[in-house]
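Below are the chains, spelled out letter by letter.
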Amino acid sequence: MLPLWARVGGFENLELLPEEEWSELCLEFGVHPQYADRKGAIQRAMGEASLMERYGISLLSYDEYNYPEQLLECPDAPLVLYYKGTIFPERNILAVVGTRSASRNCKEIINQIIGNISNCVEPPIILSGLAHGIDICAQRAAIDNNLPTYAVVAHGLGMIYPAANREIANQIVMQKRGAIFSEYPSNHQPQKHLFLERNRIIAGMANWLLVGESGLKGGSMVTAKIAFSYGREIMAIPGSPLDPYAQGCNQLIKHNMAALVENGNDVIENIGLEQKIGKIQDRRVKQIELTIDEQLIIDTLNRQREALNINEISRITRIATDRLSLILLNLEMNSLIYALPGENYRICK
């Protein structure tokens, strides 16, 4: 607890403390009383408490048991974190970051890595920033594979930015898959410089950091350098020297800041996970038992690796949409595919 806050005795005593004692305390801690607007602070705190109740936001102080353990080691850790969702304090954390302009190949590698991790005895929480590209790919893959996932955002939790990722954010919170964190009050709007500030929290919370794709500049490289300064183990997926979005990862590897990883087994070996004996075969068995049309749909979605609309699936498979709806529902009930808004469908990894 902060020394001044401890001396005051908490929020209730702050309001009751006589003005003379408050002024003496301020001077003792090097704060001029005229700049310590106690009344204004109390009003703002009460307003924020009302917003938190409205949005279902909780507050986590750095001296609470479930404050992220790794983050406590960082000198610039926030004193409080706002969060929505479920916290898993005993789990290790793997942060996955990368460019917003992620290639299909890199998304496939991220999906494969997280799928492999899910087959381990004590898989880590997957952490990212809920941004487009590699971030949201990693968090969607975590949900697909029943892994907990955390997101750290650069704005207040009264909103979700970008809006396109609200569905994933809602799944994380409502299905108790993990939590969304922020260091900013409920209605704080996203601003460019806040994303770089946010990156230190991602780097600080993680036990390990995986960089999927990144240019030489940008948020992912900032996160990697901060993680390196915190002593975190970094991994990077290499790419062609001619690809501008691979140059950042290649540089991290070249300068011995990151271990080169190409697949899930590399990541599992680097972070010391133990794979389960006799990996789950249920899905393969189900695929053997599929009808011809069901198998055709699974193969179609497997090839795409992206969500497809029901009309696109109908066009590719030549199955009429009225019959296709029933087949898709059956596949979804068997946890082989899952439905997205707008009658879009993706394969379950």
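The structure reproduced in this document is the subject of the present report. Throughout this document, residue positions are counted from 1 along each chain, in the order its sequence is written. Note on the predicted model: pLDDT of at least 70 is required for a residue's local features to be given, and 80 or more for side-chain atom pairs to be given and counted; whole-chain, interface and lining totals, by contrast, use all residues. Each side-chain value is derived from all of the structure's non-hydrogen atoms; neither hydrogens nor water enter the calculation.

### Overview of unusual backbone geometry
That bond from Tyr161 to Pro162 is cis: its omega, 0 degrees, falls within 30 degrees of zero. The topology assignment puts Pro162 in the loop between β5 (149-152) and α8 (166-174). In this structure, Asn146 takes a positive phi of about 60 degrees despite not being glycine. A helix here means a DSSP run of H or I that spans at least four residues, while a strand means a run of E at least two residues long, and both kinds are numbered starting from the N terminus. Within the element layout of this structure, Asn146 appears in the loop between α7 (134-144) and β5. Positive phi is not limited to glycine here, since Asn256 has a value of about 60 degrees.

### Some thoughts on the sheet that holds strand β10 (residues 308-309)
Strand order in the open sheet made by the 3 strands is β10-β12-β11, with antiparallel pairing throughout. Looking at the sheet topology across the chains shown, the edges are occupied by β10 and β11 (337-340). Working rule for contacts: check all heavy atoms of both residues, and any pair within 4.5 Å makes them a contact. Where helices are involved, their axes are fitted lines through C-alpha atoms of the stretch in contact, as for all axes, and angles between N-to-C directions lie from 0 to 180°. Each of β10, β11 and β12 (344-347) is contacted by helix α14 (residues 292-304), which is oriented at about 85 degrees to β12, the strand it contacts most. If DSSP finds at least two bridges between two strands, the strands pair.

### Quick notes on the pattern of salt bridges
Here a salt bridge means any side-chain nitrogen of Lys or Arg lying within 4 Å of a carboxyl oxygen belonging to Asp or Glu. Going through the model one piece at a time under the given rule, you end up with 5 salt bridges. We note a salt bridge from Asp76 to Arg200, for which the minimum N-O separation is 3.8 Å. Taken as a pair, Asp76 in the loop between α5 (69-72) and β2 (80-85) and Arg200 in helix α9 (residues 192-205) lie far apart in primary sequence, 124 residues in all. Burial classification: accessible surface area is computed with a 1.4 Å probe over protein chains only, and a residue below 20% of its type maximum counts as buried, one above 50% as exposed, and the rest as partly exposed. Here Asp76 falls in the partly exposed class, since its relative accessible area comes to 35%. The buried category is assigned to Arg200, whose relative accessible area is 15%. Arg200 is the partner of Glu183 in a salt bridge, and the nearest nitrogen-oxygen pair spans 2.7 Å.

### Some details on the environment of Gln175
Here Gln175 lies in the loop between α8 and β6 (178-182). For Gln175, a relative accessible area of 42% corresponds to the partly exposed category. Measuring from C-alpha to C-alpha, the distance between Gln175 and Val31 comes to 45 Å, with 144 residues separating the pair along the chain. Throughout this description, a polar contact denotes any pair of N or O atoms lying within 3.5 Å of each other; where both atoms belong to protein, one of them has to be capable of donating a hydrogen while the other can accept it, and for residues adjacent in sequence the pair is counted only when both atoms sit in side chains. A polar contact of 3.2 Å, which involves the side chain of Gln175, links it to the side chain of Arg177.

### Observations concerning the sheet that holds strand β4 (residues 125-128)
Spatial ordering of the open sheet is given by β1-β2-β6-β5-β4-β3-β7-β8-β9, a layout of 9 strands whose pairing is mixed. Among the strands making up the open sheet, the edge pair consists of β1 (58-61) and β9 (259-260). Sitting on the sheet, α8 touches β2, β5 and β6, and the angle it makes with β6 is about 115 degrees.

### Section: the packing of aromatic side chains
Each aromatic pair joins two rings of Phe, Tyr and Trp (for Trp, the six-membered one) with centres within 6.5 Å, and gets the label stacked for planes under 30 degrees apart, edge-to-face for over 60, and tilted for any other angle. Across all of its chains, the model carries 3 aromatic pairs by this definition. On the basis of an interplanar angle of 35 degrees and a centroid distance of 6.1 Å, the ring pair of Tyr83 and Phe181 is categorised as tilted. Highlighted residues: Tyr83 in strand β2 and Phe181 in strand β6, separated in sequence by 98 residues. Exposure remark for Tyr83: the relative accessible area of 13% places this residue in the buried category. For Phe181, a relative accessible area of 0% gives the class buried. A network of ring pairs unites the aromatic residues Tyr83, Tyr150 and Phe181 as a single cluster.

### Considering the pairing of β5
Residues Thr149 and Ala151 of β5 are buried on one face, and the alternating residues Tyr150 and Val152, pointing to the opposite face, are buried as well. When β4 meets β5, the two strands line up parallel, connected through 3 bridges. The partner of Ile126 across the bridge, within β5, is Thr149. After leaving β4, the chain enters α7 and then returns to the sheet as β5, a path that is right-handed. Here β5 runs beside β6; their pairing, made up of 4 bridges, is parallel. Bridging across to β6, Ala151 finds its partner in Ile180. Tracing the backbone out of β5, into α8 and back to the parallel element β6 gives a crossover that is right-handed. Call a crossover right-handed when, viewed with both strands pointing away from you, the route from the first strand across the helix to the second goes clockwise.

### Points about the state of the cysteines
Only a pair of cysteine sulfur atoms within 2.5 Å qualifies as a disulfide here. Scanning the entire structure with this criterion turns up 0 disulfides. For the unlinked cysteine Cys137, the closest cysteine sulfur is that of Cys106, found at 7.6 Å. By relative accessible area, Cys137 is classed as buried at 6%. Cys106 provides the cysteine sulfur closest to Cys249, a residue in no disulfide bond, and the two sulfurs are 7.1 Å apart. Among the residues examined, Cys249 registers a relative accessible area of 0% and is labelled buried.

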